[in-house]
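Below are the chains, spelled out letter by letter.
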Amino acid sequence: MKYFGKEWYNGQCKSGKEQYEYLDYEKSTLPKWYNDFSFHDCLILNMYATDDYIELELTFNNDDIEFYLRFYSPNIVENCNLIGSWCISDELYLDKNSCEFHLMVHAWSKTNNRLELEYFTVNCSNIELLYDNKPYKIFEDK
């Protein structure tokens, strides 16, 4: 993660010029629904994989509302134990035909027997949020 990673979090989430650069990028480049939606403090309940996509099942702070984040034609770059992890921050970068999604989570470390900051990074052809029975895609025509 370039802007909202471990250094930012360990610095007590203080935002500076670099973080505002990303927020400007987000507002000018990413779909409105993505800017309006926050994954912060969401719990990852499960992860499903098919030949075509990876899907994360999430909930808001252990609420009854569940939603899904789907990554099409995924290529995982960084992986961690996502199930049972809490979302801290995310970054999304777009290319003409692809997305690169970065997620920082508090994940349970079996080695250290405690929660630790970990990264999940995936390159994919599209991202879809399924919330309240409505789909929201990054690239609508795909």
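Residues numbered from 1 in each chain as written. Predicted model: local features only at pLDDT ≥ 70, side-chain atom pairs only at ≥ 80, totals over all residues. Heavy atoms only, no water.

Visitor: Sorry, what's going on with the pairing of strand E7 (residues 114–124) here?
Guide: Each regular strand carries side chains that alternate between the two faces of the sheet. Two elements, strand E4 (residues 75–78) and E7, share 3 bridges in a ladder whose sense is antiparallel. Bridge assignment links Asn75 to a residue of E7, and that residue is Asn123. Bridge count for strand E6 (residues 99–109) against E7 is 11 bridges, and the pairing is antiparallel. Across the sheet, the residue bridging to Glu100 is Asn123, located in E7. Counted between consecutive antiparallel strands, the loop separating E6 from E7 contains 4 residues, among which Asn113 sits at a positive phi close to 55°. (Pairing = 2+ DSSP bridges. Helix = DSSP H or I, 4+ residues; strand = E, 2+ residues; numbered from the N terminus.)

Visitor: Is there a simple way to explain the environment of Leu69 in this structure?
Guide: Here Leu69 is to be found in strand E3 (residues 66–72). Sequence spacing of Leu69 and Met47 is 22 residues, and the spatial spacing of their C-alpha atoms is 9.6 Å. Setting aside residues no more than four positions away along its own chain, Leu69 makes contact with Phe39, Ile54, Glu55, Leu56, Leu58, Phe101, Ile127, Glu128 and Leu129. (Contact = heavy atoms within 4.5 Å.)

Visitor: Quick question: what am I supposed to make of the nonpolar core here?
Guide: Soluble, globular proteins show a tendency: their nonpolar side chains are buried together. Residues Leu69, Phe71, Leu92, Phe101 and Ile127 are the most contacted members of the largest nonpolar core, which totals 39 residues. With near-sequence residues (within four places) excluded, Ile127 lies in contact with Leu69, Arg70, Phe71, Leu92, Cys99, Phe101, Tyr136, Lys137 and Ile138. (Core = buried A, V, L, I, M, F, W, Y, C linked by side-chain atoms within 4.5 Å. Buried < 20%, exposed > 50% of the residue type's maximum accessible area, 1.4 Å probe, protein only.)

Visitor: I tried to follow the pairing of strand E5 (residues 86–94) on my own but got confused; where do I start?
Guide: Of all 9 residues making up E5, 7 are buried, and the element is well covered by its neighbours. Judged from the 8 bridges that link them, E5 and E6 form a sheet pairing that is antiparallel. Counterpart to Asp90 in the pairing with E6 is Leu103. Taken together, E5 and the strand that follows it, E6, pair antiparallel across an intervening segment of 4 residues.

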